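# Observations on chain architecture
Next come the chains, spelled out residue by residue.
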Amino acid sequence: MDRVSAFDEPLKKLLGGATAKVMAEHLDLHTVGDLLHHYPRRYEERGRLTTLTELPLDEHVTVVAQVADARVMMFNNGRGKRLEVTLTDGSGRLQLVFFGHGVHKPHKELLPGRRAMFAGKASLFNHKMQLAHPTYQLLDANDEDEATEAVDAFAGQLLPIYPACKQLDSWRIAKAVDTVLPSAQEAVDPLPPALRDGRGLVPLPEALLRIHRPHTKADIAAARDRLRWDEAFVLQVALARRRYADTQLPAVARRPVAGGLLDAFDATLPFTLTEGQQKVTGEIFDALATEHPMHRLLQGEVGSGKTLVALRAMLRTVDAGGQAAMLAPTEVLAQQHHRSITEMMGELAEGGLLGGSDLGTKVVLLTGSMGTAARRQALLDLVTGEAGIVIGTHALIEDKVRFHDLGLVVVDEQHRFGVEQRDALRSKGKQPPHLLVMTATPIPRTVAMTVFGDLETSVLDQLPAGRSPIASHVVPAKDKPHFLSRAWERVREEVENGHQAYVVCPRIGDDADEAAEKKGKAGKKKAAPEEDAEKRPPLAVLDIADQLAKGPLAGLRVEVLHGRMPPDDKDDVMRRFADGRADVLVATTVIEVGVNVPNATAMVIMDADRFGVSQLHQLRGRVGRGSAPGLCLLVSEAHEASPARARLSAVAATLDGFELSRIDLEQRREGDVLGQAQSGVRSSLRVLSVIDDEEVIAAAREEAVRVVADDPGLERLPELRTALDALLDKEREEYLDKG
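Source: prediction; values computed, not measured. (Residues numbered from 1 in each chain as written. Predicted model: local features only at pLDDT ≥ 70, side-chain atom pairs only at ≥ 80, totals over all residues. Heavy atoms only, no water.)

Before going further, it helps to examine the overall build of the protein chain. A tally of regular secondary structure across the protein chain gives 29 helices and 21 strands. In the protein chain, of all internal contacts separated by at least 6 residues, the share reaching a separation of at least 24 is 74%. Total accessible area on the protein chain is roughly 33,400 Å²; 51% of this is exposed by carbon and sulfur atoms. (Helix = DSSP H or I, 4+ residues; strand = E, 2+ residues; numbered from the N terminus. Contact = heavy atoms within 4.5 Å. Areas by Shrake-Rupley, 256 points an atom, 1.4 Å probe, with all protein chains shown as cover.)

Encoded structure:
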């Protein structure tokens with residue numbers, strides 16, 4: 001068997017069809033390599049009992065404990081039988097329960113004093129933690145000889161506890177690993193020997209043996225160090241190769257033009273750029289002047305002036321004879337960008353029109369819902385080059401759209417666009433256009449290096465002068481209803497002082513919403529009343545707007561805005577609100593990014609616990625954009641001790657988006673973060689933590705850049721090339737290619 005095929009061997013051949021089927025369906029494990037990379041999440045020591053007091057509720061758990069007592073109870077007038085077993089570990093107690101025919105075997109085996117490994121789902125019954133019908137494996141035996149044998153087998157041993165599922169317990173996975181472990185010797189080692197030796201890392205076959213069957217804790221640490229490096233290095237090599245390939249592509253250099261559109265625009269600015277904006281602009285302009293495509297991520301705090309920086313890059317491109325396209329995720333945002341950019345540019349946005357500047361260019365909007373005549377004119381302006389700047393939604397990607405000379409693509413809110421869509425727009429240039437990706441969600445440095453590693457990064461971490469502070473408070477609506485009443489009084493006070501307010505709800509509340517809800521409930525069992533309270537539908541825009549207009553905000557001009565309104569209606573509402581003709585805007589998250597109304601000073605977010613940390617930070621950034629201080633009230637019915645309330649308190653405690661993004665990442669599975677950015681492909685990170693392993697990721701990036709610069713095709717490193725093929729499957733590789 002050759003070195004590659006040992007890892008590619010289907011599990012079915014070694015473990016049998018039934019086990020292999022469960023592993024494939026429930027754990028996404030298909031080959032020997034998959035199983036060898038399915039690492040234990042923790043280890044039990046033979047001599048140490050698990051702490052029963054710290055079991056997580058409603059999770060599948062594995063415990064090692066001792067039977068304290070066992071008794072058979074009769075119920076249903078003697079027709080029913082159940083076995084109750086109490087476990088102890090010195091710190092707490094846990095009850096097991098077996099019913100019906102499942103009572104007989106455990107009743108014989110689970111005698112007081114016996115020790116065993118138990119697996120099941122931890123649930124609460126009569127205020128006590130219990131496992132119902134757990135599977136178990138005895139860890140000691142009855143007669144003296146067998147007991148000695150068991151002690152020899154387990155004494156001092158670290159028992160691996162694997163990520164398991166209901167259908168396959170941890171020790172069954174351990175037995176399967178025993179079957180495939182000899183194949184670990186066939187592992188292809190991706191690390192160049194000089195790197196491995198220089199950093200004192202153990203060889204890969206040894207790391208796999210140590211992680212699955214460690215003799216000491218030092219074995220586990222050495223294995224994890226090595227496997228962490230594999231993951232970081234292989235991923236960083238893939239990204240470094242991507243960046244290197246980009247430097248080999250041709251692009252039109254967009255160099256400065258004195259006395260052009262950009263100079264004319266800068267002369268109209270009523271303020272000077274912040275130091276941060278000047279530094280970032282310098283990085284972008286330098287990259288635009290090169291003859292290979294810029295691939296840059298522009299990230300920054302909410303309100304740090306990313307749009308202004310992007311606009312100046314677009315004007316530089318137009319000066320140099322090219323066109324610039326800005327891609328926005330929603331029509332509301334595209335319209336908002338179009339409106340704010342044309343307002344910022346004034347007569348410079350009216351090139352070719354009566355009263356327009358001679359230096360000006362046309363700024364056109366292109367969205368899917370435009371009328372035929374307007375759409376035809378916009379397409380004509382693009383193909384002739386009359387329009388230097390186009391702002392649009394995914395409608396820009398359609399086959400019919402042709403550019404005269406596309407020089408720069410600006411993508412707003414990168415995480416909402418598939419890489420295929422970005423790629424389709426980039427392919428519209430005669431040569432690959434320069435690419436600037438803007439994200440309004442600050443990203444920790446490690447995530448930027450791991451997820452956006454194919455992009456160079458510019459960070460705007462300075463807020464422009466004149467941005468006002470925002471006070472944030474959690475409003476516990478359930479515990480203290482009078483707090484919510486006071487929130488509406490505060491909104492009224494802001495309006496009486498000449499300001500405006502947003503009220504944000506998670507749901508629209510129209511027919512389409514109701515249909516989706518009914519579909520979701522179909523076939524579900526009736527929930528208990530207390531569960532109903534927890535699972536009530538999220539509050540809806542249409543309901544809340546109606547309640548506010550008739551109740552606490554009666555007499556104020558209340559408008560609604562949501563994504564399913566006709567585009568013209570959405571635009572009209574936004575215009576009325578921006579012009580001060582509406583006092584309160586009750587909206588969904590369509591206002592999350594790009595919306596800029598300096599006079600809006602207050603925001604009330606209903607059911608705030610239903611939003612993510614980054615989303616709350618985004619929403620909050622819509623207020624405090626003028627000279628008056630901002631106020632953000634996070635309304636929640638979540639219990640004070642719940643994780644949801646802890647999240648809200650974190651948001652209320654800081655305005656630092658980078659700090660919040662870190663908290664957000666710590667509270668979510670990293671696979672979600674990586675999967676979202678990696679085009680939905682399963683995350684390959686099993687040991688590496690993008691939040692904790694900053695030093696490893698940074699060092700791996702440096703090593704990867706050095707290796708790729710020296711040997712771009714990895715001709716002298718066939719093992720690394722093989723590992724790249726295995727770890728970055730075809731779909732992930734294509735994702736990186738589209739960058």
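This brings us to helix 9 (residues 204–212). Looking at helix 9, one finds that the buried residues are Leu204, Pro205, Ala207, Leu208, Ile211 and His212. Across the axial projection of helix 9, the buried residues extend over an arc of 160°, all falling on one side. (Buried < 20%, exposed > 50% of the residue type's maximum accessible area, 1.4 Å probe, protein only. Arc of directions from axis to C-beta.)

A few words on the pairing of strand 5 (residues 115–125). Judged from the four bridges that link them, strand 5 and strand 7 (residues 135–138) form a sheet pairing that is antiparallel. Directly across from phenylalanine 118, in strand 7, lies its bridge partner tyrosine 136. In terms of strand pairing, strand 5 meets strand 6 (residues 128–132) through four bridges, oriented antiparallel. Pairing of serine 123 across the sheet is with glutamine 130, part of strand 6. (Pairing = 2+ DSSP bridges.)

Before going further, it helps to spend a moment on the environment of aspartate 693. By secondary structure assignment, the location of aspartate 693 is in the loop between helix 26 (670–677) and helix 27 (694–710). Aspartate 693 sits in the buried class, given a relative accessible area of 13%. Along the chain, aspartate 693 and alanine 232 lie 461 residues apart, while their C-alpha atoms are 9.2 Å from each other. Residues in contact with aspartate 693, not counting those within four places in the same chain, are Arg228, Val687 and Leu688. Polar side-chain contacts of aspartate 693 include one of 3.3 Å to the side chain of arginine 228. (Polar contact = N/O pair within 3.5 Å; in protein donor to acceptor, adjacent residues only side chain to side chain.)

A surface patch of like charges, here negative, comprises Asp656, Glu659, Glu666 and Asp692. Along the polypeptide, aspartate 656 turns up in the loop between helix 24 (643–653) and helix 25 (657–667). (Patch = residues over 30% accessible without salt bridge, like charges linked within 9 Å, V, L, I, M, F, W, Y side chains within 5 Å. Salt bridge = Lys/Arg side-chain N within 4 Å of Asp/Glu carboxyl O. Lys, Arg positive; Asp, Glu negative; His and termini not counted. Charge placed at Lys NZ, Arg CZ, Asp CG, Glu CD.)

This brings us to the sheet that holds strand 20 (residues 600–605). In any sheet, the strands associate via hydrogen bonds between backbone groups, in a parallel or an antiparallel arrangement. With respect to topology, six strands assemble into an open sheet ordered 16-21-20-17-19-18, the strand pairing being parallel. The open sheet is flanked by strand 16 (470–476) and strand 18 (558–561), the only strands paired with a single partner. Pairwise comparison of adjacent strand axes, ignoring direction, gives a mean angle of 20° for this sheet. For strand 16 and strand 21 (residues 630–636), the ladder comprises seven bridges, and the chain directions are parallel. Note on strand 21: the bridge partner recorded for serine 472 is cysteine 632. The sheet strands contacting helix 21 (residues 541–550) are strand 17 (500–504), strand 18 and strand 19 (584–587), and the helix crosses strand 19 at an angle near 150°. (Axes fitted to C-alpha atoms, helices over the stretch in contact; angles between N-to-C directions.)

Ordered in space as 11-12-10-13-14-9-15, the seven strands form an open sheet in which the pairing is parallel. Of all the strands in the sheet, the pair left with one neighbour each is strand 11 (362–366) and strand 15 (456–460). Direction aside, neighbouring strands of the sheet carry axes that sit 20° apart on average. Here five bridges tie strand 10 (residues 323–327) to strand 13 (residues 406–412), and the two strands are oriented parallel to one another. Residue pairing in the sheet places alanine 324 in a bridge with leucine 408 of strand 13. Helix 14 (residues 331–345) contacts strand 10, strand 11, strand 12 (387–392) and strand 13 of the sheet and is inclined by roughly 170° relative to strand 11.

Counted by the stated rule, this structure contains four aromatic pairs. Ring centres 6.4 Å apart and planes at 80° place the aromatic pair phenylalanine 98 and tyrosine 136 in the edge-to-face group. Of this pair, phenylalanine 98 sits in strand 4 (residues 93–99) while tyrosine 136 is found in strand 7, placing the two residues 38 residues apart along the sequence. One exposure class covers both phenylalanine 98 and tyrosine 136, and it is buried. An aromatic cluster of three or more residues is present, and its members are Phe98, Phe118 and Tyr136. Above the plane of the ring of phenylalanine 285 lies arginine 316, whose end atom (NZ or CZ) is 4.2 Å from the centre. (Phe/Tyr/Trp six-rings, centres within 6.5 Å; stacked < 30°, edge-to-face > 60°. Lys NZ or Arg CZ within 6 Å of the ring centre and 35° of its normal.)

Another point: the pairing of strand 3 (residues 80–88). Judged from the seven bridges that link them, strand 3 and strand 4 form a sheet pairing that is antiparallel. By the bridge assignment, threonine 88 is partnered in strand 4 with arginine 93. Two successive antiparallel strands, strand 3 and strand 4, enclose a turn made up of four residues, where glycine 90 displays a positive phi of approximately 90°.

Axis angle and axis distance: for two packed helices, these are the angle between their axes and the distance between the axes, and together they describe the pair. Between helix 23 (residues 613–620) and helix 24, whose axes approach to 10 Å, the crossing angle comes to 40°. By the angle between their directions, the pair helix 23 and helix 24 is classed as oblique. As helix 23 packs across helix 24, the resulting crossing turns out to be right-handed. Mapping the contact onto sequence places Val613, Leu616 and Arg620 in helix 23 and Arg647, Leu648, Val651 and Ala652 in helix 24. (Parallel < 35°, antiparallel > 145°, perpendicular 65-115°, else oblique. Left-handed = near helix turned anticlockwise from the far one by under 90°.)

This part covers the pattern of salt bridges. Two side chains with opposite charge may pair up if their charged atoms get near one another. Per the counting criterion, the structure on display carries 39 salt bridges. Of the charged contacts, one joins aspartate 197 and arginine 196 as a salt bridge, the two residues approaching to 4.0 Å between their closest N and O atoms. According to the relative accessible area criterion, arginine 196 is buried, its value standing at 17%. A salt bridge links arginine 645 to aspartate 479, with the shortest nitrogen-to-oxygen separation between them at 3.8 Å. Placement of the pair is arginine 645 in helix 24 and aspartate 479 in the loop between strand 16 and helix 18 (481–496), with a sequence separation of 166 residues. Classification of arginine 645 as buried rests on a relative accessible area of 9%. Looking at aspartate 479, the relative accessible area reads 43%, which means it is partly exposed. Sharing partners across several salt bridges, the network here consists of Asp189, Arg196, Asp197, Arg226 and Asp230.

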